[in-house]
Amino acid sequence: MTATIIRFLNIILVAILAGTSFGICIGFNPAGYTPSTYVEQQQHLITSLNTLMVSLVIMATIITLFSAYIQRNNKTILISLIVAAAFLISCIFISRFGNLPIQNEMLLWKSQTLPENWKILRDRWWCYHVIRTIAEMLALFLIAWTSVEKSNAPDK
């Protein structure tokens, strides 16, 4: 029963994380925004989602590693979950060393006085976000697959 609960929580956490990032990718591509719209939207996203997303990716990584540990007797599941955890860990590094430095700058921007390189920073942030979203989606696919695969075996 414990493994079932852990697998369920794992799917939910990673689905919320990946779903939020995917929604941003689909609904907030900044390429066509005016400078003032972009600054307002981006600053709102950063202030409203940053803490939530950091918390989710850390919790998702921990529960994925814990899930791998409790299912360590099945090597296929174990390896799949370790790979999923590696994708989630890559998200932490992408966020910390890619997105976060740019976000810290963006929070200081005023739409009337944007830096000359604001489009370069916007596009770089977007690129990191897309890469991070792909990593989260791959982690979700692996975690969901291991739960479906595991559901055919008796629970320990």
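All values reported here derive from a predicted model rather than from experimental measurement.

Caption draft 1: Geometry of the nonpolar core. Counting 36 residues, the largest nonpolar core has Val 14, Leu 17, Leu 88, Met 106, Trp 109 and Ile 143 as its most contacted members. Put simply, the parts of the chain that give this core at least two residues each are helix H1 (2–27), helix H2 (35–70), helix H3 (75–106) and helix H4 (118–151). When residues of this core are assigned to their parent elements, the largest contribution, 11 residues, is made by H2. Ignoring anything within four residues of it in the chain, the contact list for Trp 109 reads Tyr 38, Val 39, Gln 43, Leu 114, Pro 115, Trp 118 and Leu 121.

Caption draft 2: Summary view of the packing of aromatic side chains. Overall, the coordinates contain 3 aromatic pairs when judged by the stated rule. The interplanar angle of 40 degrees and the centroid separation of 5.9 Å between the aromatic rings of Tyr 38 and Trp 118 together place this pair among those described as tilted. Here Tyr 38 is found in helix H2, whereas its partner Trp 118 is found in helix H4, with 80 residues between them in sequence. In this structure Tyr 38 comes out as buried when scored by relative accessible area, which is 1%. Relative to Phe 97, the ring of Phe 93 lies with its centre 6.0 Å away and its plane at 15 degrees, an arrangement referred to as stacked. Separated by 4 residues within a single helix, Phe 93 and Phe 97 lie in helix H3, roughly one turn from each other. Residue classification places Phe 93 among the partly exposed positions, given a relative accessible area of 48%. On the accessibility criterion, Phe 97 (56% relative accessible area) is exposed.

Caption draft 3: Inspection of a nonpolar patch on the surface at higher detail. Side chains of Met 1, Ile 5, Phe 8, Leu 9, Ile 12 and Ile 16 sit close together on the surface and give an oily, nonpolar patch of about 580 Å² of accessible area. What makes Met 1 exposed here is its relative accessible area of 64%.

Caption draft 4: Quick look at the layout of surface pockets. For the largest pocket, the calculated volume is near 380 Å³. Along the wall of the largest pocket there are 23 residues; nearest its centre are Asn 50, Met 53, Ser 95, Gln 103 and Arg 132. For the lining of the largest pocket, the secondary-structure elements that each account for two or more residues are H1, H2, H3 and H4. Counting residues per element, the lining of the largest pocket draws most heavily on H2, which supplies 9 residues.

About the thresholds
- Residues numbered from 1 in each chain as written.
- Predicted model: local features only at pLDDT ≥ 70, side-chain atom pairs only at ≥ 80, totals over all residues.
- Heavy atoms only, no water.
- Core = buried A, V, L, I, M, F, W, Y, C linked by side-chain atoms within 4.5 Å.
- Buried < 20%, exposed > 50% of the residue type's maximum accessible area, 1.4 Å probe, protein only.
- Helix = DSSP H or I, 4+ residues; strand = E, 2+ residues; numbered from the N terminus.
- Contact = heavy atoms within 4.5 Å.
- Phe/Tyr/Trp six-rings, centres within 6.5 Å; stacked < 30°, edge-to-face > 60°.
- Patch = residues over 30% accessible without salt bridge, like charges linked within 9 Å, V, L, I, M, F, W, Y side chains within 5 Å.
- Areas by Shrake-Rupley, 256 points an atom, 1.4 Å probe, with all protein chains shown as cover.
- Salt bridge = Lys/Arg side-chain N within 4 Å of Asp/Glu carboxyl O.
- 1 Å grid on protein atoms, 1.4 Å probe; cavity = no way out; pocket = protein on both sides within 12 Å on 5 of 7 lines; lining within 4 Å.
- Points joined across faces, edges and corners; volume = space filled by probe spheres on them.

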